[in-house]
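# Close look at the chain arrangement
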Amino acid sequence: MMAGGTFSAIEHIFPKNQKFLSGAFSRLTKGRLWLQVLIAMVLGIGTGLLLNPDTEIVSRPVAIGIGEWLALPGNLFLAFIQMIVVPLILASIIRGIAAATDVRQLKSTGVGLAFYFVGSTIVAAALGVAIGLMLTPGNYVDRAVVPVVELTGQVAELAAEGEAKAAKPFSLVDIPTGITELLPTNPLNSIVSGDMLQIVIFSIVLGMGLLSVPPSSSKPLFELLGSVQEISMAIVATVMTFAPVAVFGLLAQAMIKTGPGILAGLAAYAAVVVLGMALLLVFYLITAAVLGGRNPLEMLRAIREPFLLGFSTNSSAATMPVTVKTAEEVLKVRPSLAQFIVPLGATMNMGGTALYQALATIFMAQLYQIDLSTGVLMALIATTVGASIGTPAVPGAGIVVLASVLSSVGVPLSGLALIVGLDRILERFRTSLNVTGDLVACVVMDRLVPASVSRESEISSAAQREHIHETQGEDVVISS
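Only a predicted model underlies this, so the values are computations on that prediction, with no experimental measurement involved.

Along the protein, the regular secondary structure elements total 21 helices and zero strands. The buried share of the protein, reckoned over its 480 residues, is 51%. Counting only carbon and sulfur atoms, one obtains 67% of the accessible surface of the protein, whose full area is about 20900 Å².

So, on to the packing of helix 17 (residues 351-367) against helix 18 (residues 374-388). Contact geometry of helix 17 with helix 18 gives a least axis separation of 9 Å together with a crossing angle of 140°. In this view, helix 17 runs oblique relative to helix 18, as classed from their interaxial angle. As helix 17 packs across helix 18, the resulting crossing turns out to be right-handed. Across the interface between the two elements, Thr353, Ala354, Gln357, Ala358, Thr361 and Ile362 of helix 17 pack against Leu377, Leu380, Thr384, Ala387 and Ser388 of helix 18. Tallied by class, the residues present in the contact of helix 17 with helix 18 amount to six nonpolar, five polar and no charged.

For the coordinates displayed, the defined rule picks out four aromatic pairs. Taking the centre distance of 5.9 Å and the plane angle of 45° together, the rings of Phe283 and Tyr284 count as tilted. Exposure remark for Phe283: the relative accessible area of 25% places this residue in the partly exposed category. With relative accessibility at 0%, the residue Tyr284 sits in the buried group.

Our focus in this paragraph is the side chain of Ser203. Positionally, Ser203 belongs in helix 9 (residues 196-211). Overall, Ser203 belongs to the buried group, its relative accessible area being 0%. For Ser203, the residues in contact, after removing those within four places along its chain, are Leu90, Ile93, Ile94 and Ile97.

Now for unusual backbone geometry. Unlike most non-glycine residues, Lys332 shows phi in positive territory, near 60°. Within the fold, Lys332 resides in the loop between helix 15 (320-330) and helix 16 (335-348). In this structure Lys332 comes out as partly exposed when scored by relative accessible area, which is 47%. In this structure, Gln369 is a non-glycine residue whose phi angle is positive, near 55°. Relative to the helices and strands, Gln369 resides in the loop between helix 17 and helix 18.

This part is about the side chain of Gln253. By the secondary structure assignment, Gln253 is in helix 11 (residues 243-258). Within polar-contact distance, the side chain of Gln253 engages the side chain of Glu68 at 3.2 Å.

The next subject is the confidence of the model for the protein. The predicted model of the protein has a mean per-residue pLDDT of 75, with 69% of residues at 70 or higher. Below pLDDT 50 for its whole length, residues 472-480 participates in seven contacts with residues either more than four positions away or in separate chains.

What follows deals with the pattern of salt bridges. Opposite charge on two side chains makes pairing possible when the charged atoms of those side chains draw close. Taken as a whole and assessed by the stated rule, the structure comprises two salt bridges. Across the salt bridge formed by Asp446 and Arg334, the nearest N and O atoms sit 2.9 Å from each other. Remark: Arg334 occurs in the loop between helix 15 and helix 16 and Asp446 occurs in helix 20 (residues 416-448); sequence separation between them is 112 residues. Classification of Asp446 as buried rests on a relative accessible area of 18%. A salt bridge links Arg430 to Glu427, with the shortest nitrogen-to-oxygen separation between them at 3.4 Å.

We now examine the nonpolar core. Counting residues in each nonpolar core, the largest one holds 107 residues, and the members touching the most others are Tyr269 and Met299. In terms of residue count, the dominant contributor to this core is helix 4 (residues 60-98) (15 residues). Those residues in contact with Tyr269, other than ones at most four positions away along the chain, are Pro137, Tyr356, Ala360, Phe363, Ile419, Leu422 and Leu426.

Here we come to the packing of helix 15 against helix 16. The interhelical angle for the contact between helix 15 and helix 16, taken along N-to-C directions, is 145°, at an axis separation of 9 Å. Relative to helix 16, helix 15 is oriented so that their crossing is right-handed. The segment helix 15 lies against helix 16, with Met320, Thr323, Val324, Ala327 and Glu328 engaging Pro335, Ala338, Gln339, Val342, Pro343 and Ala346. In terms of residue class, the contact of helix 15 with helix 16 is built from eight nonpolar, two polar and one charged.

So, on to the environment of Gly410. Structurally, Gly410 is set in the loop between helix 19 (397-408) and helix 20. Overall, the relative accessible area of 53% leaves Gly410 in the exposed class.

Now for a nonpolar patch on the surface. A grouping of Trp69, Leu72, Leu76, Phe80 and Met83 is seen on the molecular surface, where their side chains present a nonpolar patch of about 560 Å² in accessible area. Here Leu72 lies in helix 4. Leu72 sits in the partly exposed class, given a relative accessible area of 37%.

When you line up the elements, Leu266 lands in helix 12 (residues 260-290). Spatially, the C-alpha atom of Leu266 lies 8.2 Å from that of Leu422, the residues being 156 residues apart in sequence.

Cut-offs and rules
- Residues numbered from 1 in each chain as written.
- Predicted model: local features only at pLDDT ≥ 70, side-chain atom pairs only at ≥ 80, totals over all residues.
- Heavy atoms only, no water.
- Helix = DSSP H or I, 4+ residues; strand = E, 2+ residues; numbered from the N terminus.
- Buried < 20%, exposed > 50% of the residue type's maximum accessible area, 1.4 Å probe, protein only.
- Areas by Shrake-Rupley, 256 points an atom, 1.4 Å probe, with all protein chains shown as cover.
- Axes fitted to C-alpha atoms, helices over the stretch in contact; angles between N-to-C directions.
- Parallel < 35°, antiparallel > 145°, perpendicular 65-115°, else oblique.
- Left-handed = near helix turned anticlockwise from the far one by under 90°.
- Contact = heavy atoms within 4.5 Å.
- Nonpolar A, V, L, I, M, F, W, Y, C, P; charged D, E, K, R; others polar.
- Phe/Tyr/Trp six-rings, centres within 6.5 Å; stacked < 30°, edge-to-face > 60°.
- Polar contact = N/O pair within 3.5 Å; in protein donor to acceptor, adjacent residues only side chain to side chain.
- pLDDT = per-residue confidence, 0-100.
- Salt bridge = Lys/Arg side-chain N within 4 Å of Asp/Glu carboxyl O.
- Core = buried A, V, L, I, M, F, W, Y, C linked by side-chain atoms within 4.5 Å.
- Patch = residues over 30% accessible without salt bridge, like charges linked within 9 Å, V, L, I, M, F, W, Y side chains within 5 Å.

Put into structure tokens, the structure is as follows:
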């Protein structure tokens, strides 16, 4: 009696549903974190341009030193997010799968979701290529500044990593080996190295394993993961309050290093990227209308909170609790689907990232006056899709993937130094689009996948379990 009551009390302390972890993030949205971030962006750009060595207010060594100190809060911010994203994704995916009530429905959802993720990502990458070829943003940048830009620090490391990955020529013989390498033979090593695709595969396998054993055996691990999930989100929610300071420092440092001349030349590129993101948003809304049966304007209104929070936090993983809550309570998606789709989508449904990578590659090719053949463009779309799936859902990860994509199609990586500062701004738009893609996937799957248990029944069962947990928890406290 005592032991059973203790377990129930623990279940009450660590809620099963991610949406219960969304309170702190809702406060961030209501506190207009997104507006604070926008103000910080403007102030950061202005400060960086003012301290740029070209203005001759301070010398170059002093300006670089000031930039390093200004960027310190931002670098700490990125380090905290990167530190917590692996346990958060691991716990969320496993619990989302293990909480399923119908294994057959889970299988049909998984197959349909895989096709949706791949299909929508292909469309996003193709859209990025098409926009880049039509609007030619690379032709608006003064090529005189390109040769003098040198790779330094992290950008140089990313370039070397991308070149190493692209050094080995592609061969059909390597495909079976590549498929085998997707499986994490050593899950701990995958977690340490941050290989998100292998982590996702391991999480899916472990989640399915929890479904196949008796509740008495799966319960301890399920509760432990619930604790990990809640603690991770508490850390993320605290870190996110410092987002405006982080954004200010990172953008100030970027502008100190790049300067107003390059910023003016890259304005056309930024405008094209934002236009591409807007068109991808339209595509998502049309998909929600055609496949999900949702009114586009109502859909746009419904996703406002996670969309703005994604822009503010710059991490679709950090936005997960609010995304789940929006899917369940605003879009009325079945809880079992929302808790399964959103964690997977945070690492595997990267439409905004795919569009950005494809468009940035076209921009770089035009910058260096490299003609890409039709075959190379097709390979670019395929590479972008593969690279974006499994990208860590944390700030700054997109530039890592972009280095590999550029190398795969033979585009010089030195241009990364030109856009790495601007990337701090543009990745916020693609994060918001990634979050939108996850919510669209929820409404599409909710309509297309038949339900053996209605949404109302799922909610009623969950409420009954919560009532039992509260009652048993009170009994434990009284007994103690």
